[in-house]
Amino acid sequence: MSGSQTSSVLVFFVNGKKVIDTNADPECTLLTYLREKLRLCGTKLGCAEGGCGACTVMISRMDRKAKKIRHLAVNACLTPVCAMHGCAVTTVEGIGSTRTKLHPVQERLAKAHGSQCGFCTPGIVMSMYALLRNSEQPSMRDLEVAFQGNLCRCTGYRPILEGYKTFTKEFACGMGDKCCKVNGNRCGSDSDSVTDDKLFERSEFQPLVPSQEPIFPPELQLNEDYDSESVVFSSDRVSWYRPTSLEELLKLKAKYPNAKLVVGNTEVGVEVKFKHFLYPHLINPTQVRELLEVEETSGGIYFGAAVSLMEIDAILRKRIEELPETETRMFRCAVDMLHYFAGKQIRNVACLGGNIMTGSPISDMNPVLSAAGARLDVASFVDGKLQKRSVHMGTGFFTGYRRNVIEAQEVLLGIHFRKTTPDEHMVAFKQARRRDDDIAIVNAAVYVRFEKNSNVVAEISTAFGGMAPTTVLAPRTSELMAGQEWNLQLVERVAESLCTELPLAASAPGGMIAYRRALVVSLFFKAFLSISQKLSKAGILKSDAVPPEERSGADLFHTPVLKSSQLFERVCSDQPNCDPIGRPQVHAAALKQATGEAIYTDDIPRMDGELYLAFVLSTKPRAKITKLDASEALALEGVHRFFCYKDLTEHENEVGPVFHDEHVFAAGEVHCYGQIVGAIAADNKTLAQRAARMVKVEYEDISPVIVTIEQAIEHGSYFPDYPRFVTKGNVEEALAQADHTFEGTCRMGGQEHFYLETHAAVAVPRDCDELELFCSTQHPSEVQKLVAHVTTLPSHRVVCRAKRLGGGFGGKESRGITVALPVALAAYRLGRPVRCMLDRDEDMLITGTRHPFLFKYKVGFTKEGLITACDIECYNNAGWSMDLSFSVLERAMYHFENCYRIPNVRVGGWCCKTNLPSNTAFRGFGGPQGMYAGEHIIRDVARIVGRDVVDIMRLNFYKTGDRTHYNQELEHFPIERCLNDCIAQSRYHEKRSEIARFNKENRWRKRGMTVIPTKYGIAFGVMHLNQAGALINVYADGSVLLSHGGVEIGQGLNTKMIQCAARALGIPPELIHISETATDKVPNTSPTAASVGSDINGMAVLNACEKLNKRLVPVKEALPNGTWKEWINKAYFDRISLSATGFYAMPGIGYHPETNPNARTYSYYTNGVGITVVEVDCLTGDHQVLSTDIVMDIGSSMNPAIDIGQIEGAFMQGYGLFTLEELMYSPQGMLYSRGPGMYKLPGFADIPGEFNVSLLTGAPNPRAVYSSKAVGEPPLFIGSSAFFAIREAIAAAREDQGLSGHYPLEAPATSARIRMACQDRFTNLLEIPEPGTFTPWNIVP
């Protein structure tokens, strides 16, 4: 077959099987194809924008030029299936399974406890697998790069890295477990010690045998036609072309000048998915030789426009090692920027040509190429002739937002990277919200050529991204520098010039105006420091030209190799081997999760006649609906029905978890952006969503629109019955008598749950009057109850099932109804199965967040620092409906004092009603927000009396026997012991001296360290929820099926319940199975929330086991030497019931000051202490957590591996809440941050460089199952230790400048807030307009 022949048949291989499609759809992604056409559901949909890595698969293709097979980890959610022609795809199912054999990559992740909810696990497994296919023994740096594009919300990343570092050169030591690196240079645990430090046994891991990997399909290797033939795939909307020659490509571009060239589809894919752009002609130039060339000349390296970013990175790194440093300065700039350019999955397929032509104003590479004036080769086909020309990047190249001088019919052929001379210097910097896989806020590149062997500037070019609709240069500033000496006096002039030359309107898109303007100057100064040090080394500048304390200002943060330890109580030597309590057992579903065999809601196979439901969402924050017209949508073939409030009675439409103040569908009025107005049922997801966008909704605005807490206070917009007060003692009198009083405020934003699995539901009609629901919910009984309400069926006709959730964190406690109710209604009315799984942007827009809080307090204290009184006001932003906000506020009011005794208290709470989606439960449930205020108070007291914070903490700590302001006595309060252990473990005093020395020696880098204690009350705030049920069925073969009222969300609840039953029945855990949580097995369940899942369900399981054991007593007496199977067999033949229900009601709780004054509010408290050290870059606001030490009192841990995993995961989520995760809203209340592109949760590179967790030993808890304690929520607040350490570091920077160390800092402490708090001569140059004189781009709710 010659190269001129054309095929329209898609051929590729998946897991070794050939796939032939004669009707390939150019709009279909590889992910959709794998899940819906091939039913390979191990690959997950997490975000659809290449930002979370849940959809990672490996693509293998033949590189005929290099005669090599290339293996690439890619995002299946962005990869068009048409681009797979001639490729082999490997998914998680293709490398191993629990039925056949696990691959070592799957086994090590599971056995190292690196899979909790498991939804991200297949993507992480495939990232690691692809790395190992390219390098049998990678380095730790390779590991760091491999996971840049993967997110995990559960584990805190540490166990994943611990499991996978066993593959690396640094840690794959012949000494095995005796390796000093594995033991952190210790000799392992002493066998006589009460503690253990091994959560998994490395020696049990099967070895990696590369020769056993599946081979690349010989047909693809031998048959060149797949690469040499031109390909065309067409649907009724889009055509996909893959030309094989430059002439063919240019002719297509001449014919279709607006056609999009697609290589990695990393930009076009996002535009099509989220902006709903339609590109009728897509051209894939990956087989055009001229666009793939790499050629080195004496002057530099030429890269074809379609060469991938990873290939460019690899080639440049190789040449940097081989060539003199003076020649590779531009190359170094490029690789520095490429390291932080998206994730590895994106860089594997994205090309530099696409980045240039997309022309994003925040592109990471365009400033580098613009500053260097890179030459580009361009070609077109005009009048039957191929024409080429060259253009230079730099001034004039970009003509407007995403436009440049290259014409529509022209194609970018390649880019020239030039070598530098000894007199040329180049540096580039990028500042983003998060270092890895993030878009820039501002980036900068500085190119300078000096007069020969001097420090006189001959020529300079500075380029910036994030300061205009395009990458911009600063020609006037460059002109000012020409002919000048490179010194600190020049910096002062340049700083002023840049402030003038690069202004930014106060309302400019992207917000953070002052910060972005400050970054321009700061990044130039970093460049100055960096280049000056090189000039000093070359002997051109004096060695002291840059003062020693300023030199570190040029440095950037790099991810250190993780050091960690985990200490827990060793089980008694006489504990039977089959008794799993206290042992680090692997999560019961971990192996299934690592192989992709674990089924989540949307993995349930499609049923015959199934429809998909898509929502019509409000586009107004507060308005009357004047028109609702779905006729155009209903006219589409395959669209079956439109549902809205008219399909329900007023009563049926009113729903809510406690108060029925919400609607299934907005009834006449919308109260926020993203409220569900209606729903379309259609044959498939694509069609349903397209039809939903065609529904016409007209509105009439209503004012005022209230978004922020401050606006709610101004308008008095509170829910009825607020404010509420809790008082103890006489606050006025105590404040009047206090030696000191201080008034302060503190504020913190919300937090998106970002469970990797979005809300999903599948409803199936059974008979004409029954409904079965599969739902991603933490509260199946709530869903059952409200589905019954909406469909007017009694509850016993509705069954709700939840097998496992891909994360929940409280976000699926009450908000699951948003999806489940419309889906159930549609299924019931249409008599057909109906499914819906929200896209990430819909989920973030619709489902609400953690509550933002504002606190105003007045505190009284003695001159020694003993707190005597506190009057505090707590305001939460509830959103438009009540949801659980009243309970969240109450917990915040009960937790504000944290671990500190305050004898006189008045705490008031206000629930603010705003025009935002209703905010809801989130791990911690108001506790972290309350304790955040307490930690501000204790620091204010220490500052004013001039004493060390830890001394003031000790002075004010509760003691055993003290009573809280809600009258609960504290029994066994071990906070002092936790603190002492943590101070010793963290080398606190030694580190304080090191930090003081470091801060003295460094002007632009500062360190801070802080101690955070925590006290978290365990129980539901509503008394009737503190109950649980269980059902145990024992079958004649001795196997046990256990059901309980809790839902497996990843927290290991099922694993712990199996452990409880195994000990209680005296059988190995392998005999016990938990299938799912279902309302027809255990009725009237409480939500899996408030950290009490193990406590209440575990006791219910024990209760059921006791009944069974009682019944088996005569059988065991008759067969004293029998086995479990023999006893069960005899019991069956003796007609003894082998099924038992269990029940538990938490005793002694339900405090009410009038009606139940002697009861407790909480069953007990979980306590802990964390100490964190951070380092801050004062010029950019970037920070790094150097170390974190945590000591938690969680009683006698039932499963140390799961509990330590919960502590680490909670810490990282808390760290995200207090430092990284910022929700961006428009002034009208529309959420901007609707995906991982704009909303940044912590990644692999954000975990502490040293991360040590110890469980307090010898501290059994008499009030919970097997002396354990709840662990899910309590450690989250310890994440704030990073926030308060950052405050210390900023204070050190401010004191250097003669400024007060007391200053306001809101949480999260983002890079913007950190930089602007570190005031200096650069920030002082900025004129900042007064609030109220402009409309900001975004506001804080």
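Bringing the confidence of the model for the protein chain into the picture now. For the protein chain, the mean per-residue pLDDT works out to 96, and 98% of the residues sit at or above 70. Counting contacts from residues 183-189, a segment whose pLDDT is below 50, to residues more than four positions away or on other chains yields 12 contacts.

Put simply, Ser-703 and Pro-704 share a cis peptide bond, and its omega is 0°. Inspection of the secondary structure puts Pro-704 in the loop between β31 (696-701) and α22 (709-715). Along the chain, Tyr-722 connects to Pro-723 via a cis peptide bond; the corresponding omega equals 10°. Its location among the elements puts Pro-723 in the loop between α22 and β32 (724-728). Of note in the backbone geometry, Asn-898 takes a positive phi value of approximately 55° without being a glycine. Residues other than glycine seldom take positive phi values, yet Phe-925 does so here, at roughly 55°.

Right, let's talk about the sheet that holds β32 for a bit. Reading across from one edge, β32-β40-β39-β38-β33 is the order of the five strands in this open sheet, with mixed pairing throughout. One side of each edge strand has no neighbouring strand; the edge strands of this open sheet are β32 and β33 (740-748). Along the sheet, successive strands turn relative to each other by an average axial angle of 10°, direction set aside. Bridge count between strand β38 (residues 853-861) and strand β39 (residues 867-879): nine bridges; the pairing is antiparallel. Within the sheet, the bridge partner assigned to Leu-854 lies in β39 and is Tyr-875. Each of β32, β38, β39 and β40 (904-913) touches helix α27 (residues 885-895); the most contacted strand, β40, lies at about 155° to it. Contacting β33, β38 and β39, helix α28 (residues 927-945) crosses the sheet at an angle of about 40° to β38.

What follows concerns the sheet that holds strand β44 (residues 1072-1073). What the four strands build is an open sheet, ordered β44-β43-β42-β46; its pairing is mixed. In the strand order of this sheet, the two ends are held by β44 and β46 (1139-1145), each with one partner. Of the strand pairs in this sheet, strand β42 (residues 1027-1034) and strand β43 (residues 1040-1044) are connected by five bridges, and their pairing is antiparallel. Paired with Leu-1031 across the strands is Ser-1043, a residue of β43. Running at roughly 140° to β46, helix α33 (residues 1093-1118) makes contact with β42, β43 and β46 of the sheet.

The relative placement of two packed helices comes down to the angle between their axes together with the axis-to-axis distance. Where helix α35 (residues 1200-1220) meets helix α36 (residues 1280-1296), the axes come as close as 7 Å, and the angle between the chain directions of the two elements is 40°. Considering the angle they form, α35 stands oblique to α36. Here Phe-1211, Tyr-1215, Phe-1218 and Thr-1219 of α35 lie close against α36, whose contacting residues are Ser-1280, Ser-1281, Ala-1282, Phe-1283 and Ile-1286. Looking at the contact of α35 with α36 residue by residue, the class counts come to six nonpolar, three polar and no charged.

By secondary structure assignment, the location of His-85 is in the loop between β5 (68-75) and β6 (88-90). The class for His-85 is buried, based on a relative accessible area of 3%. Here His-85 is in contact with Val-9, Leu-10, Val-11, Tyr-226, Glu-229, Val-231, Phe-233 and Arg-242, once residues within four sequence places are set aside.

Another point: the packing of aromatic side chains. Taken as a whole and judged by the stated rule, the model has 36 aromatic pairs. An angle of 25° between the planes, with centres 5.6 Å apart, marks the rings of Tyr-932 and Phe-1218 as stacked. Of this pair, Tyr-932 sits in helix α28 while Phe-1218 sits in helix α35; the two residues are 286 residues apart in sequence, bridging distant segments of the chain. Note on Tyr-932: relative accessible area 0%, which makes it buried. Within the aromatic cluster, the residues linked to one another by ring pairs are Phe-450, Trp-486, Phe-524, Phe-525, Phe-528, Trp-1004 and Phe-1322.

Within β43, five of the five residues are buried, which leaves the element mostly enclosed by the surrounding structure. The alternating pattern of β43 places Val-1040, Leu-1042 and His-1044 and Leu-1041 and Ser-1043 on opposite faces, both of which are buried. Here β42 folds back onto β43 in antiparallel fashion, the turn holding five residues, of which Gly-1038 has a positive phi close to 90°. Pairing between β43 and β44: two bridges, direction parallel. Each residue of the ladder has a partner; that of Val-1040, found in β44, is Ile-1072. For the crossover that starts at β43, traverses helix α32 (residues 1053-1065) and ends in the parallel β44, the hand is right-handed.

Our focus in this paragraph is the side chain of Ser-552. By secondary structure assignment, the location of Ser-552 is in the loop between α17 (513-537) and β23 (563-569). At 2.6 Å, the side chain of Ser-552 and the side chain of Asn-1002 are in polar contact. The contact partners of Ser-552, leaving out residues within four places of it in the chain, are Asn-1002 and Arg-1005.

The rules behind the values
- Residues numbered from 1 in each chain as written.
- Predicted model: local features only at pLDDT ≥ 70, side-chain atom pairs only at ≥ 80, totals over all residues.
- Heavy atoms only, no water.
- pLDDT = per-residue confidence, 0-100.
- Contact = heavy atoms within 4.5 Å.
- Helix = DSSP H or I, 4+ residues; strand = E, 2+ residues; numbered from the N terminus.
- Pairing = 2+ DSSP bridges.
- Axes fitted to C-alpha atoms, helices over the stretch in contact; angles between N-to-C directions.
- Parallel < 35°, antiparallel > 145°, perpendicular 65-115°, else oblique.
- Nonpolar A, V, L, I, M, F, W, Y, C, P; charged D, E, K, R; others polar.
- Buried < 20%, exposed > 50% of the residue type's maximum accessible area, 1.4 Å probe, protein only.
- Phe/Tyr/Trp six-rings, centres within 6.5 Å; stacked < 30°, edge-to-face > 60°.
- Right-handed = clockwise from strand over helix to strand, strands pointing away.
- Polar contact = N/O pair within 3.5 Å; in protein donor to acceptor, adjacent residues only side chain to side chain.

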